[in-house]
Amino acid sequence: MISTASTVIIGGGVMGCSIAYNLASRGVTGILLLEQDVLGAGATGRSTALVHTHYSTQVLAGMAWHSLQVFRDFSEIVGSRCGFTETGHLVFAGRKDHDQTRARVALQQEAGIETTIIDQQEAGALTLGFDLDDCAAIVHEPLSGYADASGTTLAYATQARYLGVKTALRTSATELEITGGKVTGVLSSQGRISAERVIVAAGAWSSGLLEQCGVSLPLTVSRHEVAAFTRPSASISSLPGATDLVNQTYFRPEGTDLLLAGGGGPGEPVEDPLVYGHRPTQKSIESVWIRLANRIPMMEQTEYKNGFAGLYTSTPDRHPIIDQINGIEGLFVCAGFSGHGFKLAPAAGVTMAELVVDGQASTIDISPLRLSRFATGPNSKAGLLSESGDDIVI
Ligand SMILES: Cc1cc2nc3c(=O)[nH]c(=O)nc-3n(C[C@H](O)[C@H](O)[C@H](O)COP(=O)(O)OP(=O)(O)OC[C@H]3O[C@@H](n4cnc5c(N)ncnc54)[C@H](O)[C@@H]3O)c2cc1C
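Conventions we followed
Residues numbered from 1 in each chain as written. Predicted model: local features only at pLDDT ≥ 70, side-chain atom pairs only at ≥ 80, totals over all residues. Helix = DSSP H or I, 4+ residues; strand = E, 2+ residues; numbered from the N terminus. Rg over C-alpha atoms; globule rule 2.2 N^0.38 Å. Buried ≥ 20, exposed ≤ 12 C-beta atoms within 10 Å, placed from the backbone. Near = placed C-beta within 6 Å. Nonpolar A, V, L, I, M, F, W, Y, C, P; charged D, E, K, R; others polar. Domains from an automatic or database assignment. Pairing = 2+ DSSP bridges. Axes fitted to C-alpha atoms, helices over the stretch in contact; angles between N-to-C directions. Contact = placed C-beta atoms within 7 Å. Core = buried A, V, L, I, M, F, W, Y, C linked by C-beta atoms within 7 Å. Expected span 1.5 Å × (residues − 1).

Visitor: Explain the overall build of the protein to me, please; I cannot follow it from the model alone.
Guide: Scanning the protein for helices and strands turns up 9 helices and 21 strands. At 21 Å, the protein has a C-alpha radius of gyration in line with the 21 Å of a compact globule built from 394 residues. Taken along its principal axes, the extent of the C-alpha atoms in the protein is 65 × 40 × 40 Å. Residues classed as buried in the protein amount to 52% of the 394 residues present.

Below is the structure:
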């Protein structure tokens, strides 16, 4: 086991691997990535991996747009494949969400994102077999789609290894060593590693690790389910990805004959990220199925095939925390992606690398993602969420 590193990254999910790759690309040497299990074993390996840009704040829209372009040209930019499939993405909004949806699209267009509101006729051509009667606004992102979450993570990790990053699997960080206000190392299940810099990208485990050194992250962990159904007929063979605000569901095609769907809502709170039910319940399968059939009536005739559950690690404003910890030199955090982080991972890696190497991010202004935004109490949410608070969707 390596006993000295310049930089220890804790967590081998898509964030830790994207950060490792991006740091190494910037010329940082002596990077060690610790993963307590195997790469992608946390939320990443359970992600639906939708990749779109429908966000309500500049910072997330900017990260999503930057990331979409990386996903689309992943082989050229990163050097391995991420399994990106362009399906286009639609957002269905009812009367209640109409104004906010239009405002979000305007914000995205101002940021240069390719997205537009389309009419029922245009939408009809993209969504054969869909019932659109309840839609007051339909958003179309022609360039969006989905990727392979585990594949993307392995691609980043592989390229990071080519650039010299060492990876220790089945190795847990147990304690951060801070001496005189500086990071001096990490205690792990395989022994002590001396390091001048630690980046915590440990998903649901991030707050536990940072609590030990007096840093409190406002993260809550909840369980969310995804169900796979057969697709009913060739008429919906070219299914787009979609976020359905009316029925509180999202879905996308999987391979040639399946559809993956999940529901909105807060999920069930989870105390210990290692202990939660990995299979969807009958009740939730039925609930998502009914809501899916509201949008695609033919889904009534399909079959439930399989499903899984995973964890969201959420902040109060559902924006991640990407920051250097004040008062502890060399300590960084990248966590709290609130159930929608996969599509932001390329930008998270780039901006974290900039923060570490240059002292601040330049590709995207990530200052709204500082941990200190929570210090001033609930009002600090206002800058990042709309009044309804419902405007972050997968
Ligand atoms: C069901 C579901 C569907 C989703 N769908 C989408 C979607 O469609 N689109 C989208 O953009 N996002 C989606 N997400 C969210 C997305 O998957 C996450 O935001 C993203 O994967 C988070 O990545 P991460 O690297 O921060 O966390 P994780 O993938 O959880 O990685 C953290 C890693 O750290 C490791 N670790 C923890 N503690 C330690 C330690 N002490 N020592 C060493 N290693 C440690 C863990 O084992 C884990 O592998 C979904 C999530 C779920 C659960």
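Visitor: Before we go on, may I ask you to explain the site of the ligand in this structure?
Guide: If you check the shell around the ligand, you find 42 residues, and the closest are G13, G42, G203, G310 and G341. Taken together, the residues that form the shell around the ligand break down as 21 nonpolar, 17 polar and 4 charged. Inspection of the shell around the ligand shows a minimum of three residues originating in each of domain 1 (7-46 + 150-219 + 317-383) and domain 2 (89-96 + 114-142 + 220-312).

Visitor: Looking at this structure, I do not really get the sheet that holds strand β9 (residues 166-168). What am I missing?
Guide: Picture the strands of a sheet paired through backbone hydrogen bonds; they go either parallel or antiparallel. Taken in spatial order, the 6 strands of this open sheet run β9-β2-β1-β13-β21-β20, and their pairing is mixed. Of all strands in the sheet, those bounded by a partner on one side alone are β9 and β20 (321-324). Between one strand axis and the next, the sheet turns by 15 degrees as a mean value, whatever way the strands run. In the sheet, β20 pairs with strand β21 (residues 331-335) via 4 bridges, with the strands oriented antiparallel. Across the sheet, I321 pairs through a bridge with A335, a residue of β21.

Visitor: Would you mind going over the domain arrangement of the protein with me for this structure?
Guide: One widely used convention gives an interface's size as the accessible area the parts lose upon coming together. Domain annotation for the protein reports domain 1 (7-46 + 150-219 + 317-383) and domain 2 (89-96 + 114-142 + 220-312). On the side of domain 2, 8 residues touch domain 1, which itself brings 7 residues to the contact. Of the residues that constitute the side of domain 1 that touches domain 2, the class distribution is 4 nonpolar, 2 polar and 1 charged.

Visitor: Please explain the pairing of strand β7 (residues 137-141) as it appears in this structure.
Guide: Each regular strand shows side chains that alternate between the opposite faces of the sheet. Counted residue by residue, β7 has 5 buried out of 5 residues, so it is predominantly covered. Burial along β7 is two-sided: the residues A137, V139 and E141 and I138 and H140 are all buried. Examined bridge by bridge, strand β6 (residues 116-118) and β7 share 3 bridges and lie antiparallel to one another. Note on β7: the bridge partner recorded for I118 is I138.

Visitor: Would you mind showing me how to read the nonpolar core here?
Guide: Taken as a class, soluble globular proteins show a tendency for nonpolar side chains to be buried jointly. If you look at the biggest cluster of nonpolar residues, it comprises 113 residues, and the most contacted ones within it are I10, A20 and C334. Element by element, the count of residues in this core is highest for helix α2 (residues 58-72), at 9 residues. Two domains each donate at least three residues to this core, and these are domain 1 (7-46 + 150-219 + 317-383) and domain 2 (89-96 + 114-142 + 220-312).

Visitor: Would you mind going over helix α1 (residues 14-25) with me for this structure?
Guide: Every α-helix winds through 3.6 residues per turn, so residues three or four apart in the chain are directed the same way. Over its 12 residues, α1 extends 16 Å from the first C-alpha to the last, a length consistent with the 16 Å expected when each residue adds 1.5 Å. Within α1, 11 of the 12 residues are buried, leaving the element largely enclosed by the surrounding structure. If you check which residues of α1 are buried, you get V14, M15, G16, C17, S18, I19, A20, Y21, N22, L23 and A24. On the buried face of α1, the contacting elements are β1 (7-10), β2 (31-34), α6 (149-162), β13 (197-200), β21 and α9 (345-358). Looking one or two residues past α1, G27 carries a phi angle of roughly 95 degrees, positive in sign.

Visitor: Any chance you could explain the sheet that holds strand β12 (residues 191-194) here in plain terms?
Guide: Pairing in this open sheet of 3 strands is antiparallel, and the strands run β10-β11-β12 from one edge to the other. Of all the strands in the sheet, the pair left with one neighbour each is β10 (173-179) and β12. If you compare each strand with its neighbour and ignore which way they point, the axes differ by 25 degrees on average. Examined bridge by bridge, β10 and strand β11 (residues 182-188) share 6 bridges and lie antiparallel to one another. Paired with E177 across the strands is G185, a residue of β11.

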